[in-house]
Amino acid sequence: MFYNCHMVKRKYKIEGMFCSACESHVEKAAKKGKGVVDVTVNLLTNMMEVTFERQIDDESLIEVVKKAGYKATVFEDDYSKRKALRKK
């Protein structure tokens, strides 16, 4: 799949997945999110990586996953937190 420079990737922590069917269900639901181009869900790490068009709409994506029966939160690793602190 071709991505132009205006694509944005974001990671989310997913709660409530227990099997590969759950993984597939979350992925299918997330693909319905606003501006979503691609979704990869990993059951072992309970993570989801989403590629968006230029605009990012975390709230609507989190709501779509919630309606599917799972909890999604934006994942912020230590590097992202340190980078945000340096900007301040």
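A brief report on the enclosed structure follows. Here the structure is a predicted model, which is why all the values come from computation and not from measurement.

## Focus on the nonpolar core
Okay, step 1: If you look at the biggest cluster of nonpolar residues, it comprises 18 residues, and the most contacted ones within it are Ile 14, Met 48, Val 50, Leu 61 and Tyr 70.
Okay, step 2: With 4 residues, the top contributor of residues to this core is helix H1 (residues 20–30).
Okay, step 3: The residues touching Tyr 70, leaving out its near neighbours within four places in the chain, are Ile 14, Glu 15, Gly 16, Met 17, Cys 22, His 25, Val 26 and Val 65.

## Regarding the side chain of Asp 58
Okay, step 1: Turning to its location among the elements, Asp 58 is positioned in helix H2 (residues 58–67).
Okay, step 2: Of the polar contacts made by the side chain of Asp 58, one reaches the side chain of Arg 10; its length is 2.8 Å.
Okay, step 3: Other than its neighbours up to four places away in sequence, Asp 58 contacts Arg 10, Tyr 12 and Val 74.

## Notes on the pattern of salt bridges
Okay, step 1: On inspection of all chains with the given rule, the structure shows 3 salt bridges.
Okay, step 2: Arg 10 serves as the salt-bridge partner of Asp 58, at 2.8 Å between the closest nitrogen and oxygen. Separated by 48 residues along the polypeptide, Asp 58 in helix H2 and Arg 10 in strand S1 (residues 8–15) bring together distant segments of the chain.
Okay, step 3: A residue is classified by how much of its surface remains accessible, and Asp 58, at 13% relative accessible area, is buried.
Okay, step 4: For Glu 27, the salt bridge is made with Lys 31, and the minimal N-O distance between the two is 3.5 Å.

Conventions used here
Residues numbered from 1 in each chain as written. Predicted model: local features only at pLDDT ≥ 70, side-chain atom pairs only at ≥ 80, totals over all residues. Heavy atoms only, no water. Core = buried A, V, L, I, M, F, W, Y, C linked by side-chain atoms within 4.5 Å. Buried < 20%, exposed > 50% of the residue type's maximum accessible area, 1.4 Å probe, protein only. Helix = DSSP H or I, 4+ residues; strand = E, 2+ residues; numbered from the N terminus. Contact = heavy atoms within 4.5 Å. Polar contact = N/O pair within 3.5 Å; in protein donor to acceptor, adjacent residues only side chain to side chain. Salt bridge = Lys/Arg side-chain N within 4 Å of Asp/Glu carboxyl O.

That's the geometry; what it means functionally is another story.
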